[in-house]
Amino acid sequence: MKKVKKEDSFFEKIIKLIDAIQVYLPSAYGGWKNRQFWTDIQTYCLFLGYPRSGHSLMGALLNAHPNILIAHELGALKYADLGFKRWQIYYLLMKKAELSAEKDRKLGGYNYYVPNQWQGKFTQIKVIGDKQGEGTTLRLHSNSGHLQRLHNTVNVNLKFINITRNPYDNITTMSKKTSKLDYDLLKSIHHYFFLCDTISTFKETLKSDEIYELKHESFLQNPQFYLNEICHFLGVETTEEYLNDCAKIVYSSPNKSRHTVNWTPELIAQVQSKIDQYEFLSGYTYDT
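Residues numbered from 1 in each chain as written. Predicted model: local features only at pLDDT ≥ 70, side-chain atom pairs only at ≥ 80, totals over all residues. Heavy atoms only, no water.

1. Examining helix H11 (residues 240-247)
And step 1. Tyr242, Leu243, Asp245, Cys246 and Ala247 are the residues of H11 that are buried.
And step 2. Tucked inside the fold, the buried residues of H11 contact helix H2 (55-63) and helix H10 (223-234). (Buried < 20%, exposed > 50% of the residue type's maximum accessible area, 1.4 Å probe, protein only. Helix = DSSP H or I, 4+ residues; strand = E, 2+ residues; numbered from the N terminus. Contact = heavy atoms within 4.5 Å.)

Quick look at the structure:
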């Protein structure tokens, strides 16, 4: 399966490089000034996956835990590639997590603010990470050395979360929201399964306790149970108040966006044949 999402243009790459140069010295100073916060970090959390699949919601809920700091789409792997130190990356993650936790801020069109909890704040950071499922997956495909550089930099356990959503809904929403896929359904199908191929291959390098996989639809049915499981997977305890407050902002049922576009029988069959090749997509059909 070929990757169909367009690469960054030369201009976009230059912009990203300038951004990295601009934050290098501030992150060095900020990371050193806040060095007391980094001493208890035991786990670095990364997301694998696809755009529009529920990762933003999970990242925001984890960021509401007093011992977890999850930034929204920082792209930390690029900073490790550029030689940023551990405390610089941690500082950038902290500032990004604070920004995305603002009460009125929307992520991907949704507000994920959790009242009474710790978004943008913490008591003791034990888990830190970056919610960037597609970006991380693309970097892993291009060169597995990206991950090794991050691991060498942070020198803590790496753990991965892979949340799947019904592929028909996921692909539909990608086709309606993603300009780099030209808002095209067929291109979105190809790109979605390209990401699945990359994740399936990468999973072969992981131990069972290094990745947590969850269906978005299952999470919506019982958010307290699965959020508690994920926190334990990451190595932190939960409270009833935390789980209940998080559950209050979770929709009770998924958005079945597949019904908003014309899925021909041929396309439905094409996608189902691909779904059946991946264990982590088992059980999904157009009608479920």
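2. A look at the packing of aromatic side chains
And step 1. Summed over all chains, the structure comprises 16 aromatic pairs.
And step 2. In textbook terms, an aromatic cluster arises when at least three aromatic residues are bridged by ring pairs, as seen for Tyr50, Tyr192, Phe193, Tyr278 and Phe280.
And step 3. Seen from the ring of phenylalanine 233, lysine 159 lies directly overhead, with NZ or CZ sitting 4.7 Å from the centre. (Phe/Tyr/Trp six-rings, centres within 6.5 Å; stacked < 30°, edge-to-face > 60°. Lys NZ or Arg CZ within 6 Å of the ring centre and 35° of its normal.)

3. Regarding the packing of helix H7 (residues 167-177) against helix H12 (residues 265-275)
And step 1. Contact geometry of H7 with H12 gives a least axis separation of 11 Å together with a crossing angle of 120°. Considering their axes alone, H7 and H12 lie oblique with respect to each other. Of the two possible hands of crossing, H7 and H12 adopt the one that is right-handed. Across the interface between the two elements, Pro167, Tyr168 and Ile171 from H7 touch Ile268, Val271, Gln272 and Ile275 from H12.
And step 2. Its residues placed into classes, the contact of H7 with H12 shows six nonpolar, one polar and no charged. (Axes fitted to C-alpha atoms, helices over the stretch in contact; angles between N-to-C directions. Parallel < 35°, antiparallel > 145°, perpendicular 65-115°, else oblique. Left-handed = near helix turned anticlockwise from the far one by under 90°. Nonpolar A, V, L, I, M, F, W, Y, C, P; charged D, E, K, R; others polar.)

4. Re the pattern of salt bridges
And step 1. Evaluation of the coordinates by the stated rule reveals nine salt bridges.
And step 2. The salt bridge involving lysine 131 is made with glutamate 73; its shortest N-O contact spans 2.6 Å. With lysine 131 in strand E3 (residues 127-131) and glutamate 73 in the loop between strand E2 (68-72) and helix H3 (76-81), this residue pair connects regions lying 58 residues apart in the sequence.
And step 3. For glutamate 73, a relative accessible area of 32% puts it in the partly exposed group.
And step 4. A single network of salt bridges, built from pairs that share partners, joins Asp81, Arg139 and Arg149. (Salt bridge = Lys/Arg side-chain N within 4 Å of Asp/Glu carboxyl O.)

5. Quick look at the sheet that holds strand E4 (residues 157-164)
And step 1. Read from one edge of the open sheet, five strands run E2-E3-E1-E4-E5, paired in parallel fashion. If you trace the sheet from one side to the other, it starts and ends with E2 and strand E5 (211-215), each paired once. Ignoring strand direction, the axes of neighbouring strands in this sheet form an average angle of 20°.
And step 2. As paired strands, E4 and E5 are joined by five bridges and run parallel to one another. Paired with asparagine 162 across the bridge in E5 is glutamate 213.
And step 3. Sheet contacts for helix H4 (residues 86-100): strand E1 (43-48), E2 and E3; angle to E2, the most-contacted strand, approximately 75°.
And step 4. Across the sheet, H10 lies against E1, E2, E3, E4 and E5, angled at about 170° from E5, the strand it touches most. (Pairing = 2+ DSSP bridges.)

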